[in-house]
Amino acid sequence: MQIRSLFQYLSIALALLITTEILAQQPIQQRNPDALWMSAMDLWNKEKYAAAQKAFVELEAFYSDESSTRMADCQFYAAYCALKLYNKDAEFRFRRFIELNPEDPRDDLAYYLLAKNNFERKKYGKSLEWINQIDIKGLPKENLPDYYYYKGYSLFKEDLYSDALLSFSKNL
């Protein structure tokens, strides 16, 4: 009798294990994209950028057939994660985001983030290339003081002193 009940318990446990394994192997197309989105944003908010980037890239594959705002969101956040992680493909990802979403309101923020990234790496000429593409009307107001500082300092380092002074004066 005990052998039979032990056999039943083992059979049930094995069936549960197999079912769980099969469900865990679902392709991205069979998963709930809203749940994946919430998970990716939760990881982003917790500053777990590597895991968040992986989730956003997975979601890009899900939305690949659609030209939706969610697809643009995935591309933007995957690029932003790459930037936060200092990945070499961050600039490529932002360029692709800007190219595929030319009317997106975050384009100016993407230019700003690329300018800031180059500024922090002391690539002032490259920083100016990105700064010059920014329409400051599209930039969040909290970024304006840094924008004028990055611009002024980069201009100064490129020996454009009068332009640098003008940019610094807008930061007062």
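That block above? That's the structure.
Residues numbered from 1 in each chain as written. Predicted model: local features only at pLDDT ≥ 70, side-chain atom pairs only at ≥ 80, totals over all residues. Heavy atoms only, no water.

## A word on the overall build of the protein chain
Stage number 1. Per the secondary structure count, the protein chain includes nine helices and zero strands.
Stage number 2. For the protein chain, the sequential pattern of α-helices and β-strands runs α-α-α-α-α-α-α-α-α.
Stage number 3. Looking at the protein chain residue by residue over its 172 residues, the buried ones come to 38%.
Stage number 4. Summarising the internal contacts of the protein chain: among those between residues at least 6 apart in sequence, 48% fall at separations of at least 24. (Helix = DSSP H or I, 4+ residues; strand = E, 2+ residues; numbered from the N terminus. Buried < 20%, exposed > 50% of the residue type's maximum accessible area, 1.4 Å probe, protein only. Contact = heavy atoms within 4.5 Å.)

## What about the layout of surface pockets?
Stage number 1. In this structure, the largest pocket encloses a volume near 220 Å³.
Stage number 2. What lines the largest pocket is simply Tyr 80, Leu 83, Lys 84, Tyr 86, Leu 109, Tyr 112, Leu 113, Lys 116, Asn 117, Glu 120 and Asn 143.
Stage number 3. Listing elements by their share of the lining of the largest pocket, those giving two or more residues are helix H4 (69–84) and helix H6 (107–120).
Stage number 4. In terms of residue class, the lining of the largest pocket is made up of six nonpolar, two polar and three charged. (1 Å grid on protein atoms, 1.4 Å probe; cavity = no way out; pocket = protein on both sides within 12 Å on 5 of 7 lines; lining within 4 Å. Points joined across faces, edges and corners; volume = space filled by probe spheres on them. Nonpolar A, V, L, I, M, F, W, Y, C, P; charged D, E, K, R; others polar.)

## So, unusual backbone geometry
Stage number 1. If you check the backbone angles, Glu 47 has positive phi at about 60° while not being a glycine.
Stage number 2. One can find Glu 47 in the loop between helix H2 (33–45) and helix H3 (49–62).
Stage number 3. In the Ramachandran plot, Asp 159 falls in the positive-phi region, its phi being about 65° despite a non-glycine side chain.
Stage number 4. Tracing the backbone shows Asp 159 in the loop between helix H8 (144–157) and helix H9 (161–169).
Stage number 5. We classify Asp 159 as exposed; its relative accessible area is 53%.

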